[in-house]
Amino acid sequence: MSFGRGFAATLGLDLLARALGAVTLVVLVRGLPVAGFAQYALLLAFVGVAGGAAGGGVRMRYVRLTAERDSRGLPDSARPSFSGALATTLALMLALAGICLLGTEAAALAGSSPFGRVLILTAGAYAIGAAASELAIAHWQALRRFALAGCVGVLRAVTVLAVAVLVVETPLARSSDSTLLAFAAGMLAFGLVACVPMIRADLAARRFTVRALWVGREERWLTAYYVAGAGFTYVDMLVAGALLSETQIATLGATLRYLSLALGAFPALNAILKVRTSQVDVVDSMAVQRDMLIGWLRRAALPSAAVFLVGVTLGPSVIALIDGGRYPGSRVAFQIFLTMVVATYMTAPAVNMLITRLRSAWLAKAVTIALVANLVGDLLVARPFGVTGIAVVSSAVYVLVDLATVVAALRGRARAAPDSEIAQAPKESRNSVASTPGTLRRRARRNGTRSRTP
């Protein structure tokens, strides 16, 4: 499928999934008590951090390698192991859940833990299911089967909506623990089922080996980047959970859900950009990368401004209709967070270009600094200014790190396929990797000769 049709399919199906997510949000906001919705918001916060920490780096490298090797014409046997990526993700996630559980137990003994054991356990199970389904979606996207990937996302949204309806229409809503258990069980079951076709293909091709479980340098830096990115996104909720009241926690949780709706088109854009920036013509040419990014900035300016104006103008009225006036503080916070929406859309290709150039270390360090700044700022403003102060701090830091990422993406040089990746490919396919134009030019420069390739 071409990238134009792939984007249309991905965007259409993703918007459908977002619409189902909006229905789910309305059902939960109106159907759960304040305490129950606050616990659900904290569940999503933990899931977001765990998903980024344990799944983001491995998933991104899997997409990059699969898409790049496919664009270079390598056979199926040269693809990385899906089962290996899944097993690595699950192992990291279980380790993270164990650390969080130990920390919670230690804090409980000290009498100062705002989070319960059930919350950590259900968040871990939910995160495993979500990460498994995300890896399945990423697999189909890397192979440019965007429609199939979108269908998996829609089915996942249907599953969450079905669980939400089940919870609010039964006595499960009376207990926060029962609500969390229902969502965790539904997501875990869906994630494991979504991975069955790829696992069976790996077993048939004998692609699952002990070596596939190794987390190399790129995965480590990508994991660090995604840990910091997830922490930046959800540190607001964690600070609110520790310092603010249940009503303020629910207000911020609802605001972040509304923010995810405003970013409805971004997952589709990002999915296409991950695959597009991994294609051989982009990987091997810095000029193509610069032209792509500058052209994107020009084209995205007006649509981003339109999204901001519409959100600021109509957002408060729409939020009032959704929550029935239960969380009025979310209206102002949403308007402030819209600056993050604009920055996200405007700078979308920059991160993927840096990852393509193996600049994951720079990304991890930059976002870690932003995370620390956001955390310190949140702690300073949470009690005196509440949710509004948290929104101001997070938005300001987010915009600054996005600007720095764009500057970094416009500098540097392109990257051809590393020798380690060529060595990992089967012998019959190495010539197709080693004979790409970028690789031949680099080899010619090392030998002091002039390459005849264009």
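Residues numbered from 1 in each chain as written. Predicted model: local features only at pLDDT ≥ 70, side-chain atom pairs only at ≥ 80, totals over all residues. Heavy atoms only, no water.

Examining the overall build of the protein
And step 1. Assigned secondary structure in the protein consists of 18 helices and zero strands.
And step 2. A total of 454 residues make up the protein; the buried ones form 52% of that total. (Helix = DSSP H or I, 4+ residues; strand = E, 2+ residues; numbered from the N terminus. Buried < 20%, exposed > 50% of the residue type's maximum accessible area, 1.4 Å probe, protein only.)

Side note on the nonpolar core
And step 1. If you look at the biggest cluster of nonpolar residues, it comprises 97 residues, and the most contacted ones within it are L28, F37, L43, Y126, F183 and M237.
And step 2. By residue number, the principal contributor to this core is helix α15 (residues 360–409), which donates 18 residues.
And step 3. Apart from the residues lying within four places of it in its own chain, the contact partners of F183 are L28, Y40, L43, Y126, V160, V163, A164 and V167. (Core = buried A, V, L, I, M, F, W, Y, C linked by side-chain atoms within 4.5 Å. Contact = heavy atoms within 4.5 Å.)

Regarding the confidence of the model for the protein
And step 1. Here the protein shows a mean pLDDT of 80. Residues at 70 or above account for 83%.
And step 2. Every residue in residues 418–454 scores below 50 in pLDDT, and together they form 51 contacts with partners more than four places removed in sequence or on other chains. (pLDDT = per-residue confidence, 0-100.)

Focus on helix α14 (residues 348–356)
And step 1. Counting buried residues along α14, nine of its nine residues qualify, which places the element largely inside the surrounding structure.
And step 2. What α14 keeps buried is the set A348, P349, A350, V351, N352, M353, L354, I355 and T356.
And step 3. Two residues or fewer after α14 comes L358, characterised by a positive phi angle close to 60°.

A short note on the packing of helix α13 (residues 329–346) against α15
And step 1. It is at 9 Å that the axes of α13 and α15 come closest, and there the two elements cross at 10°. Taken together, α13 and α15 sit at an angle that is classed as roughly parallel. Counting all contacts with α13, which are made through V332, A333, I336, F337, T339, M340, A343 and T344, the residues of α15 involved are V387, T388, A391, V392, S394, S395, Y398, V399 and D402.
And step 2. Along the lines of polarity and charge, the residues of the contact of α13 with α15 split into 11 nonpolar, five polar and one charged. (Axes fitted to C-alpha atoms, helices over the stretch in contact; angles between N-to-C directions. Parallel < 35°, antiparallel > 145°, perpendicular 65-115°, else oblique. Nonpolar A, V, L, I, M, F, W, Y, C, P; charged D, E, K, R; others polar.)

Overview of the packing of helix α4 (residues 117–142) against helix α5 (residues 146–168)
And step 1. Packing of α4 against α5 brings their axes to within 7 Å, and their N-to-C directions diverge by 160°. As judged from the angle between their axes, α4 and α5 are roughly antiparallel. Two packed elements cross with a definite hand, and for α4 against α5 that hand is left-handed. Packed against α4, whose contacting residues are Y126, A130, S133, E134, I137, W140 and Q141, the element α5 presents F146, L148, A149, V152, G153, R156 and V160 at the interface.
And step 2. Residue classes in the contact of α4 with α5 are distributed as nine nonpolar, three polar and two charged. (Left-handed = near helix turned anticlockwise from the far one by under 90°.)

Brief notes about α15
And step 1. Taking 1.5 Å of rise per residue, the 50 residues of α15 would be expected to cover 74 Å, yet its terminal C-alpha atoms sit only 12 Å apart, more than 12% below that figure.
And step 2. The largest bend in α15 is about 145°, located at F385. (Expected span 1.5 Å × (residues − 1). Bend = angle between axes of the 7 residues up to and from the residue.)

Focus on the packing of aromatic side chains
And step 1. Overall, the coordinates contain seven aromatic pairs when judged by the stated rule.
And step 2. On the numbers, 6.3 Å between centres and 45° between planes, the contact of F37 with Y40 is tilted. Residue F37 and its partner Y40 are located together in helix α2 (residues 34–71), separated by three residues, close to a single helical turn.
And step 3. For the ring pair Y40 and F183, a centre distance of 4.9 Å and an interplane angle of 45° mean the geometry is tilted. In this pair, Y40 is assigned in helix α2 and F183 in helix α6 (residues 176–194), connecting sequence segments 143 residues apart.
And step 4. Note on F183: relative accessible area 2%, which makes it buried.
And step 5. Here the aromatic residues F37, Y40, F183 and Y327 are joined through ring pairs into a cluster of three or more. (Phe/Tyr/Trp six-rings, centres within 6.5 Å; stacked < 30°, edge-to-face > 60°.)

Regarding the environment of G191
And step 1. Relative to the helices and strands, G191 resides in helix α6.
And step 2. Sequence spacing of G191 and I128 is 63 residues, and the spatial spacing of their C-alpha atoms is 7.5 Å.
And step 3. Ignoring sequence-local partners within four residues, the contact set of G191 consists of G129, A132 and S133.

Regarding the side chain of K274
And step 1. As for its placement among the helices and strands, K274 is situated in helix α10 (residues 266–276).
And step 2. In this structure K274 is buried but unpaired, with E134 as the nearest side chain of opposite charge at 6.5 Å.
And step 3. Once you skip the residues sitting within four places of it in the chain, K274 turns out to touch M60, V63, Y226 and N352. (Lys, Arg positive; Asp, Glu negative; His and termini not counted. Salt bridge = Lys/Arg side-chain N within 4 Å of Asp/Glu carboxyl O.)

Observations concerning a nonpolar patch on the surface
And step 1. Judged by side-chain polarity, V310, L314 and V318 come together as a nonpolar surface patch covering roughly 250 Å² of accessible area.
And step 2. Inspection of the secondary structure puts V310 in helix α12 (residues 286–323). (Patch = residues over 30% accessible without salt bridge, like charges linked within 9 Å, V, L, I, M, F, W, Y side chains within 5 Å. Areas by Shrake-Rupley, 256 points an atom, 1.4 Å probe, with all protein chains shown as cover.)

Let's talk about unusual backbone geometry
And step 1. Positive phi, normally seen in glycine, also occurs at R144, with a value near 60°.
And step 2. Looking at the element boundaries, R144 is found in the loop between α4 and α5.
And step 3. Classification of R144 by relative accessible area gives partly exposed; the value is 28%.
And step 4. Even without being glycine, L358 reaches a positive phi, approximately 60°.

Remarks on the environment of A142
And step 1. For A142, the position within the fold is in helix α4.
And step 2. Here A142 falls in the buried class, since its relative accessible area comes to 1%.
And step 3. With residues up to four places along the chain from it excluded, the contact list for A142 reads V63, T66, A67 and V275.

Quick word on the pattern of salt bridges
Should their charged atoms come close, side chains of opposite charge can pair.
And step 1. For the structure shown, the criterion picks out six salt bridges.
And step 2. For R276, the salt bridge goes to D281, with nearest N and O atoms at 2.8 Å.
And step 3. When its relative accessible area of 38% is taken as the criterion, D281 is described as partly exposed.
And step 4. Three or more residues are tied together by salt bridges with common partners; here these are R64, E68, R72 and D284.

A word on the side chain of D378
And step 1. Secondary-structure assignment places D378 in helix α15.
And step 2. Among buried Asp, Glu, Lys and Arg side chains, D378 stands out as unpaired, with R383 the closest opposite charge at 13 Å.
And step 3. Those residues in contact with D378, other than ones at most four positions away along the chain, are V235, D236, V239, I390, V393 and S394.

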